Amino acid sequence: HVIQILSQEFALSQHPHSRKGGLIGLAACSIALGKDSGLYLKELIEPVLTCFNDADSRLRYYACEALYNIVKVARGSVLPHFNVLFDGLSKLAADPDPNVKSGSELLDRLLKDIVTESNKFDLVGFIPLLRERIYSNNQYARQFIISWILVLESVPDINLLDYLPEILDGLFQILGDNSKEIRKMCEVALGEFLKEIKKTPSSVKFAEMANILVIHCQASDDLIQLTAMCWMREFIQLAGRVMLPYSSGILTAVLPCLSYDDRKKSIKEVANVCNQSLMKLVIPEDDETDEGKQSLSLQTEPKEESLSQQEVTSSGCLEASSDSNLSSASVFNVSSTDRVPVTLNLDGIVQVLDCHLHDSATGMMTRIAVLKWLYHLYIKTPRKVSLAFIADHLSVILKDLEVLAEIASSPAGQTEDQGPCDGSDMRSELHIPVKASQLSSSGMKGMECSPSTPTMNCYFYKFMINLLKRFSSERKLLETRGAFIIRQLCLLLNAENIFHSMADILLREEDLKFASTMVHTLNTILLTSSELFQLRNQLKDLKTPESRNLFCCLYRSWCHNPVTTVSLCFLTQNYKHAYDLIQKFGDLEVTVDFLTEVDKLVQLIECPIFTYLRLQLLDVKNNPYLIKALYGLLMLLPQSSAFQLLSHRLQCVPNPELLTKTTLGFKKATATNIDYLELLQHFERVQNKHLEVRHQRAGRGEPPDRRVVL
């Protein structure tokens, strides 16, 4: 009855002095009751907590002092009322009056001591309140919340880890606070949780926290993003395939970080580990049908390659560790009775990868990672990937080429005024053969040289080498996609550089049959593709040293294929040299393939590309070697449709009797600083090599080229 009088008539009175007297009286009653105060705690605490909201700061201080005395006497008996006490204290922690705040801190420490020494704390009942209060924006309230989380985490009998999914999002939001002290406290709390996760991973609810990490891995705050990425890395490596259903979200967060610059180097490195670890979780069993997946269960992916492991500091971020392997305590295996089937959401992953490929803002390293993912998925899940990618297959190839083109043109690979890439000299000039210096193909051995064109770098040349190697090892790729790939590269990069470098590489190609096929492909692209219009115009007149340099470079490789060499001479209007080459054809071994190429060349002459050549037939006086070269082709052909086509064309040439006048001047001056005799000798040497190789293949019983018995 006394407590009721003190509460109703004094503590809750309208008069401030009466409220003060009531608070002092309630505290005195608690002290007088001693241990028995626990029987009346509800009646004692409620009016005091009401005064926490009083407008008078002195009254709030008296209320804080009164509650301190009540709690001090009751000790563990106040725990059933912990939630209302915590709620009141969280408000006082943000009180603007320093005296009230100081008093609340004393009460807070007392309450923490009681919770720490007791084993009756109701964590289940407290979590909803903690989840609500953790989203406070007030710095002091945040500091109060973090301090309590640290206390509860340190109590052995309280397993706060089970309820981490309830508060993890709020913790990451507090990590972005403007106060350095609060950020540091939050880092420590997150670090403690992560240590606990690594000790007892089997009891961690990884799946419930995956999406929370995905969100914060995309945060604009560097500390939040780095910490979330560290957690994600640990989750992927500890939980294994449990994380697969969240792969699309993880990739959405991780992939953009791979293109960060050195200012965010730490985030980039951790994101790279996350990406590699996640990729290893995709296994061939993911390609099975739903019926076949009954045996596929949650398992930790074995660490086939040791990723650079790092330890988590008290701040929750990564620190380099000399131990490159996860300790046995860091890995858990789900028991056979707890295994649950996991389904790889391939459609979601494909959608994320596709978005990054089509986004023009996507960085180069991110694009490379996307392409690695596409390749990995195709290797591990070919049946499902083929269905998912069938519509976008062409798009993927285009984006692939864009990435490679970006690397090849990157300033990072420029060798001008820098040391050679990877210790090898990737730059040397291909000079036009002049009579004073007879260059030979034997003087340009090895793959260490490349054309020195202005925009070329060592990455570009390596890319060209690897592309040709790929074409050589996968002839099907060359047949089905080769022309498309080269044409797209010509759009993305400098076409002259591409042809210059490929010709230079093919000059050293040991597989002569491939060299001939590749030259034929390049020549067809050169003569027919709209993307090469400017390059054809550049070669048509050979007016500049650069164009003559390019012609000589192409010519030397084009010699792997006699007919393409003639077509190059037609393109560059070197008609006399074309005639000289055709004269040499009599010494070559004539095959069906050879005649087929002559047939195709005749068809090309009738195309718009060679309109200028056909018009020059009207000027017999100045183009006698053109007419003689065409008649030479006519004499090579059997009686076929191509023979009839070229014959009809030559019948349209006016004044055929002038064909004998070969000594007349030319309207188009020949480039006098090109040694055509040396080029002709080079052609003979290359063709002799081809003849030797064909005979060697025949001697080994390999299928010979199709031959014509004349």
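Each chain carries its own residue numbering, running from 1 in the written order of its sequence. A pLDDT threshold of at least 70 governs which residues receive local features in this predicted model, and a stricter bar of 80 or more applies before side-chain atom pairs are shown or counted, although totals over entire chains, interfaces and linings include all residues. To obtain the side-chain values, all non-hydrogen atoms of the structure were used and water was disregarded.

An unreviewed UniProt entry annotates the protein chain as Protein VAC14 homolog originating from Terrapene triunguis. If you open the UniProt record of the protein chain and go to Subunit (unreviewed entry), you find "Forms pentamers. Component of the PI(3,5)P2 regulatory complex/PAS complex, at least composed of PIKFYVE, FIG4 and VAC14. VAC14 nucleates the assembly of the complex and serves as a scaffold by pentamerizing into a star-shaped structure, which can bind a single copy each of PIKFYVE and FIG4 and coordinates their activities. Interacts with NOS1." UniProt positions are given in the numbering used here, feature names are shortened, and annotations may be inferred rather than shown by experiment.

Take the overall build of the protein chain next. Broken down by element type, the protein chain carries 31 helices and two strands. With a 1.4 Å probe rolled over the protein chains alone, any residue whose accessible area is under 20% of its type maximum counts as buried; one over 50% counts as exposed, and the rest are partly exposed. Across the 710 residues of the protein chain, 51% fall into the buried class. Within the protein chain, contacts between residues at least 6 apart in sequence are counted, and of these 75% link residues at least 24 apart. Carbon together with sulfur atoms contributes 52% to the accessible area of the protein chain, which is approximately 33300 Å² in total. Each helix corresponds to a stretch of at least 4 residues labelled H or I by DSSP, and each strand to a stretch of at least 2 residues labelled E; elements are numbered beginning at the N terminus. In what follows, a contact means two residues having at least one pair of non-hydrogen atoms within 4.5 Å. Only the protein chains shown count as cover for residues, and the accessible areas themselves come from Shrake-Rupley with a 1.4 Å probe.

Note on aromatic pairs: the rings of Phe, Tyr and Trp (six-membered ring only in Trp) are paired at centre separations within 6.5 Å, and the planes decide the class, stacked below 30 degrees, edge-to-face beyond 60, tilted for the rest. Taken as a whole and assessed by the stated rule, the structure comprises 17 aromatic pairs. Judged by centre distance (5.8 Å) and plane angle (75°), the rings of F86 and W148 are edge-to-face. One end of the pair, F86, is in helix 5 (residues 82-92); the other, W148, is in helix 8 (residues 139-154), and 62 residues separate them in sequence. On the accessibility criterion, F86 (0% relative accessible area) is buried. Pairing F585 with F683 gives two aromatic rings, centres 6.4 Å apart and planes at 35°, and the pair type is tilted. Of this pair, F585 sits in the loop between helix 26 (575-584) and helix 27 (592-605) while F683 sits in helix 31 (residues 676-699), placing them 98 residues apart in sequence. Judged by its relative accessible area of 1%, F683 falls in the buried class. These aromatic residues form a ring-pair network of at least three members: F82, F86, F121, F126, F144 and W148. The positively charged end of K101 is found above the aromatic ring belonging to Y140, 3.3 Å away from the centroid. A ring is scored as having a charge over it whenever the NZ atom of a lysine or the CZ atom of an arginine sits within 6 Å of its centre and within 35 degrees of its normal.

Looking now at the confidence of the model for the protein chain. Scored between 0 and 100, pLDDT is the confidence that the predictor attaches to each residue. With 79% of its residues at a pLDDT of 70 or more, the protein chain has an overall mean of 81. Here residues 415-420 scores under 50 on pLDDT; set against residues more than four positions off or in separate chains, the count is five contacts. Note on residues 706-710: pLDDT is under 50 here. Beyond four places in sequence and across chains, it has twelve contacts.

Here we come to the environment of V620. Mapped onto the fold, V620 is located in the loop between helix 28 (611-616) and helix 29 (624-636). On a C-alpha basis, the gap between V620 and V653 in space is 7.6 Å, while along the polypeptide they are 33 residues apart.

At their nearest, the axes of helix 22 (residues 512-528) and helix 31 sit 10 Å apart, and the two run at 125° to each other. With respect to each other, helix 22 and helix 31 are oriented oblique. From helix 22, L512, K513 and S516 reach across to helix 31, where they touch K689, H690, V693 and R697. Classifying every residue of the contact of helix 22 with helix 31 by side-chain character gives two nonpolar, two polar and three charged. Where helices are involved, their axes are fitted lines through C-alpha atoms of the stretch in contact, as for all axes, and angles between N-to-C directions lie from 0 to 180°. Comment on the angle field: the value is read as roughly parallel under 35 degrees, roughly antiparallel over 145, roughly perpendicular from 65 to 115, and oblique elsewhere. When residues are sorted by character, Ala, Val, Leu, Ile, Met, Phe, Trp, Tyr, Cys and Pro go into the nonpolar class, Asp, Glu, Lys and Arg into the charged class, and all the rest, Gly among them, into the polar class.

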